[in-house]
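Examining the three-dimensional arrangement
One letter stands for each residue in the lines below.
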Amino acid sequence: MKHATLRQLKVFEAVARLLSFSRAAEELHLTQPAVSTQVRKLEDHAGNTLFEQFGKKVYLTAAGTELLQLSRAIIQQFEAAENAMLQFKGISGGKLNVGVISAGDYFFPRLLVEFAGRHRGVTLNFTVHNREGLLTHIAENLTDLAIMVRPPTDLDTLNQPFAPHPYVIIAAPTHPLVGVKGVPLKRLIREPFVVRERASDTWHSMEEGFGAALSEINIAMEIRSTETIKQAVIAGMGVSFVSAHTISQELRAGSVRVLDVQGFPLMLNWYVVHRRGKRLPPVAQAFKDFLLNDGTALISQIVPFDPAS
């Protein structure tokens with residue numbers, strides 16, 4: 001193992017955590033062959049097979065399970081050393097590690113650009129996750145800050161709201177409920193729904209918006225991708241519950257419409273989250289302050305939403 005690299009350990013950790021070479025490649029912004037190559041090199045150094053595959057499913061071997069714990073410890077030690085050195089750099093020259101749930105990637109890159117423009121020399125490390133993946137990153141100290149709608153309830157975290165986050169019901173422009181005022185929830189739930197997966201932040205927000213009526217919803221399809229959901233709605237396959245921050249372009253283009261449903265928009269908040277005892281590097285603290293001070297105004301400019309649209 002003496003010739004193994006930190007890069008190989010990080011790639012291995014991502015595949016082991018996600019149990020998917022393709023999802024690890026997406027998270028790491030690598031090609032799937034590049035991920036496979038790094039894992040094979042690590043297996044050569046370890047002298048053991050780390051994964052085994054049955055059908056389309058990937059599993060850790062006993063050797064892989066043991067190496068996963070050691071790899072995480074090594075990665076965290078390197079990050080701790082890096083963070084310790086960043087204390088001497090201040091904001092400029094620091095590295096910002098931040099993770100966000102998928103709905104945030106419609107505006108978050110522009111927030112990062114604005115922040116980087118105010119603090120020259122900052123290096124950005126920005127990752128997008130579903131809720132489960134982001135919670136794992138928080139729990140395993142893989143990110144400094146997390147941006148999400150529903151902070152964890154089983155971790156000791158500091159959770160601060162920095163901007164409102166509306167959720168709405170959308171439909172194709174030709175849908176019969178478009179233009180109807182005050183659609184009752186009982187009428188709406190008879191419509192076919194295209195929804196996010198049940199472990200997602202969107203699904204948990206949907207639970208709050210629909211309450212007991214959620215069990216009565218006519219679910220036509222469950223899809224992991226917000227982009228695919230929007231295309232399904234545009235095609236007339238059903239209505240959907242989505243973050244208003246994900247549909248600005250479609251509203252401008254007129255390809256979807258927001259239904260006027262009683263009790264909607266559902267107004268929640270965006271939160272900036274980190275482990276309570278975590279010593280934030282100066283650049284992470286500066287970004288957190290930036291979100292708390294300017295997040296609301298900037299998001300409203302980037303993804304404007306008019307409830308009457």
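In this report, we go over the structure that sits alongside the text. Just so it is clear, the structure is predicted and the values come from calculations on it, not from any experiment. (Residues numbered from 1 in each chain as written. Predicted model: local features only at pLDDT ≥ 70, side-chain atom pairs only at ≥ 80, totals over all residues. Heavy atoms only, no water.)

Overview of unusual backbone geometry
In this structure, P265 follows F264 across a cis peptide bond, with omega equal to 5°. Assignment of secondary structure puts P265 in the loop between β10 (257–258) and β11 (266–275). The phi dihedral of L19 falls on the positive side, at around 50°, and the residue is not glycine. Among the structural elements, L19 can be located in the loop between α1 (6–18) and α2 (21–28). For H29, which is not glycine, the phi dihedral falls at a positive 60°. Assignment of secondary structure puts H29 in the loop between α2 and α3 (32–46). (Helix = DSSP H or I, 4+ residues; strand = E, 2+ residues; numbered from the N terminus.)

Remarks on the packing of aromatic side chains
Applying the stated criterion to the full structure yields 15 aromatic pairs. Their ring planes at 50° and their centres at 5.5 Å tell us that F210 and F264 sit as a pair that is tilted. In this pair, F210 sits in helix α8 (residues 201–210) while F264 sits in the loop between β10 and β11, placing the two residues 54 residues apart along the sequence. The class of F264 is buried, set by a relative accessible area of 13%. One aromatic cluster is present, formed by F107, F108, F115, F126, W270, F287 and F290 through successive ring pairs. (Phe/Tyr/Trp six-rings, centres within 6.5 Å; stacked < 30°, edge-to-face > 60°. Buried < 20%, exposed > 50% of the residue type's maximum accessible area, 1.4 Å probe, protein only.)

What to know about the nonpolar core
Formed by 56 residues in total, the largest nonpolar core has its most connected members in L96, F108, I169, L188, F210, W270 and F287. For this core, the element with the most residues is helix α11 (residues 282–302), which contributes nine residues. Within the second largest apolar cluster, 18 residues are counted, among which are L18, V35, L50 and L67. (Core = buried A, V, L, I, M, F, W, Y, C linked by side-chain atoms within 4.5 Å.)

Considering the pattern of salt bridges
In this structure the tally under the stated criterion is 15 salt bridges. Across the pair R17 and E13 runs a salt bridge whose closest N-O atoms are separated by 3.0 Å. Here R17 and its partner E13 are both found in helix α1, four residues apart, which amounts to about one turn of the helix. Considered together, R17 and E13 belong to a single accessibility category, that of buried residues. (Salt bridge = Lys/Arg side-chain N within 4 Å of Asp/Glu carboxyl O.)

Regarding the pairing of strand β1 (residues 51–54)
Residues in a regular strand point their side chains to alternate faces of the sheet. Pairing of β1 with strand β2 (residues 57–60) involves four bridges; the strand directions are antiparallel. Looking at the pairing, Q53 lines up with V58 of β2. The turn linking β1 back onto β2 is made up of two residues, and G55 within it adopts a positive phi angle of 65°. (Pairing = 2+ DSSP bridges.)

Regarding the pairing of β11
Taken together, the three bridges between strand β5 (residues 145–148) and β11 define a ladder with antiparallel strand orientation. Pairing of M148 across the sheet is with Y271, part of β11. Where strand β6 (residues 157–171) and β11 come together, ten bridges link them in antiparallel fashion. If you follow A163 over to β11, its bridge partner there is W270.

Some remarks on the environment of L298
Position of L298 among the secondary structure elements: in helix α11. A residue is classified by how much of its surface remains accessible, and L298, at 13% relative accessible area, is buried. Taking the C-alpha atoms as reference, L298 lies 18 Å from S102; in sequence the two are 196 residues apart. In this structure, L298 is in contact with L111, E114, R118 and F290, ignoring residues within four places of it in sequence. (Contact = heavy atoms within 4.5 Å.)

With respect to α2
Of all the positions in α2, only F21, A24, A25 and E27 are classed as buried. Take α2 and look down its axis: the buried residues cluster within an arc of 165°, on one side only. The positive-phi residue at the C-terminal boundary of α2 is H29, with phi of around 60°. (Arc of directions from axis to C-beta.)

So, α8
Of the residues making up α8, those classed as buried are D201, T202, W203, S205, M206 and F210. Of the residues trailing α8, G211 is marked for its positive phi of about 60°.

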